[in-house]
Amino acid sequence: MTGKMASVRRVAEKRLGSILETIDNVVWSISADTYETLYLNPAAERVYGRSAINFYEDPQLFLNIVHQEDRQWVTEVLPELIEKGSMTLQYRIVRPDGEIRWLEDRMAVARNAKGEPERFDGVATDITERMEHETQLNYLANHDALTDLPNRNLLDDRILQAIAQAHRGRHKFGLLLLDIDRFKNINDGYGHIFGDELLLTVAAQLHKSVRESDTVARLGGDEFVILLSPLNSHEEIYPVVRRLLNNFSLPFTIQGTELYSTISIGIAVFPADGNDMETLLKNADIAMYRTKEMGRNGFQFFEPDMSVHATERLELENALRRAIEREEFVIYYQPQTNVKSGKITSVEALIRWQHPKEGLLSPDRFLKIAEETGLIIPIGAWVLKTACTQAKAWQDAGMPSHRVSVNISAKQFWEGQLVKTVKRVLNETGLSAEDLELEITETVFLRDIDETIRTIHELRAMGIIVSMDDFGTGYSSLTYLRQLPIEKLKIDGSFIHDMTTTTRSSVLLTQIIQLAHAMKLEVVAEGVETEKEYNFLVENKCDVVQGFYFHKPLTPDEIGHLLENKQS
Ligand code: C2E
Ligand code: MG
Ligand code: MG
């Protein structure tokens, strides 16, 4: 090298050196053999929070300041760097004060004449702010701006995760679609700011009602989704739904205004109701709309026939509307017999529809539609009135005394002004309250247990007997029943048949009867069809039996004859 060239190079190095001294980026160079630091510019001190001397003294320091979670992969990437010659990495470092910074490090391999790696050189840029900005953007892209809940985007991810998880663990998960009832009215009536506050309150309420591991997301508008994952069975959904509906049965205070706001819930369960997110959401939506049709403030599980086209339904619905005025309904009565005395203690009123074209239809053909359309309220009131009139007529004719028992659907219970209607009917027919029984099912108290208890107390105070129907078909447990002031428990027929076929059911049935007795409940076995069933029930001290083994549901005339014969 000539003296002139050397001096040019020194000048260049000096100029370069002064550039490196002043730039913001960290410029570094380490030996490929020993990892000793060969060069570090002043920016390093600002970014790393350590003086350059520390690096010169400790060849490991470069690696040790890398964030624990990034250290391993940064080490492992070295062979690749050597192979490729240059790479850009993004990793975190930890400063002595604990602060974490993101670096983007462009690295290159400098080789000797033989092509062996001699140095690693790099320029590192502090990209912490950019990363924070990205994280923030990411957050915004995945969360709802008003409520801060996960949005549709993030929900999609979570559902995909839940599907993968469910496949691995062979379990289920539930998707609850929730819609605030009459939100539009509230928004229109009280204004958008009020509406927004309600949404915030609802969001907080939903969050409170689920487990930490469950996702509550807002789909937009007044629609929310809860992802319950994992689940072992459908039954695990019930307590959550109950909690949700209970929490929404209390008033919210918004801008000093007390307001009741209820929700309608539709539920789809993976994998039974769909294998992918779209199907699950669609089916939860169908179920949610069904809840709305059924009178809101409740829940429905998705059922395949919900999506069946509506024309058949519509026809039946129209015919059903006309059926009341055309007096096409009739009531059959099925006796309930006391096991000890052998006497008929009451008769259950069971509705039939004398359809002009299709003949005598049983309740399962039309009650669901009646319930969904609200027609059950006038129909139910008609049954109550007709049954009470009939019972009074039997009494007046001097028949042996027995009660009449009337089934009350959930909708009737909640929206049919039940207590008022019952009082009116008793007044009009002259039947005394002691001669009336009402049968409710668990769908009633699932909606609002406290209000259910209050209503039953009111009925009992009048002298009416309230019984729990279809016990064993749903999800209610005896402990749940403990809270209800009922007097009678009707065990469903399906349960009675099972008991003669499996030991497990027979043990269960025995225990249920014992527990019910301990709770001072009278036990009725429904659907008793065989002698074997009857004998078992007698042995186990069941109080009352009802079923084809004794009597089918009978017309009023047939009942009249039966009672007359019993009397004589
Ligand atoms: P439920 O209240 O549990 O009534 C008992 C049902 O079991 C009746 O069916 C009855 O005919 C049937 N059953 C009685 N003994 C036997 C038996 O030994 N074997 C079998 N397999 N079945 C037996 P039905 O009359 O078809 O009524 C079905 C359901 O419809 C009733 O179940 C009740 O939940 C509802 N329902 C009937 N009438 C009314 C009504 O006026 N209002 C309301 N809301 N619901 C009603
Ligand atoms: Mg019944
Ligand atoms: Mg029943």
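Residues numbered from 1 in each chain as written. Chains lettered and ligands numbered in written order. Predicted model: local features only at pLDDT ≥ 70, side-chain atom pairs only at ≥ 80, totals over all residues. Heavy atoms only, no water.

For the protein chain, the helix and strand inventory stands at 24 helices and 21 strands. The C-alpha atoms of the protein chain give a radius of gyration of 37 Å, which is well past the 24 Å a tight globule of 568 residues would have. Taken along the three principal axes of its C-alpha coordinates, the protein chain extends 140 × 55 × 45 Å. Of all 568 residues assigned to the protein chain, the portion counted as buried reaches 48%. Look at the contacts in the protein chain between residues 6 or more apart in sequence, and 61% of them connect residues 24 or more apart. Counting 62 positive and 85 negative side-chain charges, the protein chain places the centres of these two groups 1 Å from one another. (Helix = DSSP H or I, 4+ residues; strand = E, 2+ residues; numbered from the N terminus. Rg over C-alpha atoms; globule rule 2.2 N^0.38 Å. Buried < 20%, exposed > 50% of the residue type's maximum accessible area, 1.4 Å probe, protein only. Contact = heavy atoms within 4.5 Å. Lys, Arg positive; Asp, Glu negative; His and termini not counted. Charge placed at Lys NZ, Arg CZ, Asp CG, Glu CD.)

Further remarks concern the site of ligand 1. Lining the immediate environment of ligand 1, one finds 21 residues, of which Glu-348, Arg-352, Asp-469, Glu-529 and Phe-548 sit closest. One of the backbone nitrogen or oxygen atoms of Phe-548 is found 2.7 Å away from an oxygen atom of ligand 1. In the complex, the protein chains occlude 79% of the 790 Å² of accessible area that ligand 1 would expose alone. Of all the elements, strand β14 (residues 344–355) adds the most residues to the shell around ligand 1, at 4 residues. Residue composition of the shell around ligand 1, by class: 8 nonpolar, 6 polar and 7 charged. (Near = heavy atom within 4 Å. Polar contact = N/O pair within 3.5 Å; in protein donor to acceptor, adjacent residues only side chain to side chain. Areas by Shrake-Rupley, 256 points an atom, 1.4 Å probe, with all protein chains shown as cover. Nonpolar A, V, L, I, M, F, W, Y, C, P; charged D, E, K, R; others polar.)

Moving on: the sheet that holds strand β6 (residues 172–180). With mixed pairing, 5 strands are arranged side by side in an open sheet as β7-β8-β6-β11-β12. At either margin of the open sheet sits one strand with a lone partner, and together these are β7 (215–220) and β12 (298–301). Neighbour to neighbour, the strand axes of the sheet diverge by 20° on average, direction disregarded. Bridging between β7 and strand β8 (residues 223–231) involves 5 bridges; their strand directions are antiparallel. In the sheet register, Ala-217 faces β8, and the bridge partner there is Val-225. Against the sheet, helix α10 (residues 192–209) touches β6, β7 and β8, its axis set at about 10° to β8. (Pairing = 2+ DSSP bridges. Axes fitted to C-alpha atoms, helices over the stretch in contact; angles between N-to-C directions.)

Before going further, it helps to spend a moment on the environment of Leu-481. Within the secondary structure, Leu-481 is located in helix α20 (residues 478–482). With relative accessibility at 1%, the residue Leu-481 sits in the buried group. Taking the C-alpha atoms as reference points, Leu-481 and Val-216, separated by 265 residues in sequence, lie 31 Å from one another. Residues in contact with Leu-481, not counting those within four places in the same chain, are Met-468, Phe-471, Ile-486, Leu-489 and Met-519.

Those protein atoms acting as donors to the magnesium ion (ligand 2) are Glu-348 (OE), Asn-407 (OD1), Glu-439 (OE) and Asp-469 (OD), and they sit at 2.0 to 2.2 Å. Mapping the donors of the magnesium ion (ligand 2) onto the primary sequence yields the spacing E-x58-N-x31-E-x29-D. A spacing of 4.1 Å is found between the magnesium ion (ligand 2) and the magnesium ion (ligand 3), which share Asp-469 as a donor. In this pair, Glu-348 sits in strand β14 while Asp-469 sits in strand β18 (residues 465–471), placing the two residues 121 residues apart along the sequence. Neither Glu-348 nor Asp-469 differs from the other in exposure class; each is buried. (Donors = N, O, S within 2.8 Å, 3.2 Å for Na, K, Ca; no water.)

An ideal rise of 1.5 Å per residue puts 20 Å on 14 residues; helix α19 (residues 449–462) measures up with 20 Å between its terminal C-alpha atoms. Buried within α19 we find Ile-449, Thr-452, Ile-453, Thr-455, Ile-456 and Leu-459. For α19, the buried positions fall inside an angular range of 170° around the axis, keeping them on one side. (Expected span 1.5 Å × (residues − 1). Arc of directions from axis to C-beta.)

Take the domain arrangement of the protein chain next. Per the domain assignment, the segments of the protein chain are domain 1 (18–133), domain 2 (145–313) and domain 3 (327–565). Centre-to-centre separation of domain 1 and domain 3, based on C-alpha positions: 81 Å. (Domains from an automatic or database assignment.)

Moving on, we get to a nonpolar patch on the surface. Nonpolar side chains collect at one region of the surface, where Leu-137, Tyr-139 and Leu-140 lie side by side and expose about 300 Å² of accessible area between them. For Tyr-139, the position within the fold is in helix α7 (residues 128–142). Tyr-139 gets classed as partly exposed once you look at its relative accessible area, which sits at 37%. (Patch = residues over 30% accessible without salt bridge, like charges linked within 9 Å, V, L, I, M, F, W, Y side chains within 5 Å. Salt bridge = Lys/Arg side-chain N within 4 Å of Asp/Glu carboxyl O.)

Right, let's get into the coordination of the magnesium ion (ligand 3). Every protein donor of the magnesium ion (ligand 3) is accounted for by Asp-469 (OD), Asp-470 (OD), Glu-526 (OE) and Glu-526 (OE), and the metal-donor separations fall at 1.9 to 2.4 Å. In the primary structure, the donors to the magnesium ion (ligand 3) are separated according to the pattern D-D-x55-E. Here Asp-470 falls in the partly exposed class, since its relative accessible area comes to 27%.

Note that strand β1 (residues 26–31) and strand β2 (residues 37–40) share 3 bridges and pair antiparallel. Looking at β2, one finds that Ile-30 is bridged to Thr-37.

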